[in-house]
Amino acid sequence: MANERVLQAVAYFEAGNADLVPLHDMGLTAADLDEILELVAWGDKASLEVKDAVERLYEARLAEEEKAGLAIPLVVVKEERRGRRRLLVMLAAIGALLVAVIVWRARHP
């Protein structure tokens, strides 16, 4: 969910504004600028030239944050293994249940 500053910037650009000074005044982080780049309807409601300028600002802000040690490292958590384990456990349980039903029916005709 985008914060209020990001939504204001998106509305600002989609209104046709091209000046980047308000972005500097808003104190947006690199993550905020990245969200803006994703949310604005570039080419439709805002010009692609402005998008290029925002991308350059994003890259500069990211470099500043990394240099200052403020950048948040990206952590990727692999959920697939848990999902696979759960799937295997569920399949094993279903298989065991089927075997139990077959054995029960064989003993109780």
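Everything here concerns the structure above.
In this text, all values refer to a predicted model and were calculated from it rather than measured experimentally.

Novice: Even after reading the chapter, I still don't get the packing of helix H3 (residues 30–39) against helix H4 (residues 48–68), so can you show me in this structure?
Specialist: For any two helices packed against each other, the geometry is given by the interaxial angle and the distance between the axes. Look at H3 against H4: their axes get within 8 Å of each other, and the N-to-C directions meet at 155 degrees. Comparing their axes, H4 and H3 come out roughly antiparallel. In this structure, the crossing between H3 and H4 has a hand that is left-handed. Together, Ala30, Leu33, Asp34 and Leu37 of H3 and Lys51, Val54, Glu55, Leu57, Tyr58, Arg61, Leu62 and Glu65 of H4 make up the contact between the two elements. Residue composition of the contact of H3 with H4, grouped by class: seven nonpolar, no polar and five charged.

Novice: Before we go on, may I ask you to explain the nonpolar core in this structure?
Specialist: Nonpolar side chains tend to gather and get buried jointly when the protein is soluble and globular. Within the largest apolar cluster, 18 residues are counted, with the highest numbers of intra-cluster contacts made by Phe13, Leu23, Leu33, Ile36, Val40, Trp42 and Val54. Of all the secondary-structure elements, those providing two or more residues to this core are helix H1 (4–14), H3 and H4. Excluding residues within four positions of it along the chain, phenylalanine 13 makes contact with Asp19, Leu20, Leu23, Ile36, Val40, Trp42, Lys45, Ala46, Val50 and Val54.

Novice: Explain the pattern of salt bridges to me, please; I cannot follow it from the model alone.
Specialist: Note on pairing: side chains with opposite charge can pair once their charged atoms come close. Enumeration according to the criterion identifies two salt bridges in this entry. Residues arginine 5 and aspartate 32 are paired through a salt bridge, measuring 3.1 Å at the closest nitrogen-oxygen approach. Residue arginine 5 is located in helix H1, and its partner aspartate 32 is located in helix H3; the two are separated by 27 residues in the primary sequence. Judged by its relative accessible area of 32%, arginine 5 is partly exposed. For the salt bridge of glutamate 64 with arginine 61, the shortest nitrogen-to-oxygen distance reads 3.6 Å. Of this pair, glutamate 64 and arginine 61 both sit in helix H4, separated by three residues, roughly a single helical turn.

Novice: What's the story with the packing of H1 against H3 in this structure? I'm lost.
Specialist: Two numbers describe how H1 lies on H3: the axes approach to 9 Å, and their chain directions differ by 45 degrees. For the element pair H1 / H3, the angle class is oblique. By crossing handedness, the relation of H1 to H3 is classed as right-handed. Of the residues in H3, those touching H1 at Arg5, Val6, Ala9, Val10, Phe13 and Glu14 are Asp32, Glu35, Ile36 and Leu39. Taken together, the residues of the contact of H1 with H3 sort by class into six nonpolar, no polar and four charged.

The rules we used
- Residues numbered from 1 in each chain as written.
- Predicted model: local features only at pLDDT ≥ 70, side-chain atom pairs only at ≥ 80, totals over all residues.
- Heavy atoms only, no water.
- Axes fitted to C-alpha atoms, helices over the stretch in contact; angles between N-to-C directions.
- Helix = DSSP H or I, 4+ residues; strand = E, 2+ residues; numbered from the N terminus.
- Parallel < 35°, antiparallel > 145°, perpendicular 65-115°, else oblique.
- Left-handed = near helix turned anticlockwise from the far one by under 90°.
- Contact = heavy atoms within 4.5 Å.
- Nonpolar A, V, L, I, M, F, W, Y, C, P; charged D, E, K, R; others polar.
- Core = buried A, V, L, I, M, F, W, Y, C linked by side-chain atoms within 4.5 Å.
- Buried < 20%, exposed > 50% of the residue type's maximum accessible area, 1.4 Å probe, protein only.
- Salt bridge = Lys/Arg side-chain N within 4 Å of Asp/Glu carboxyl O.

Keep in mind these numbers describe shape, not what the thing actually does.
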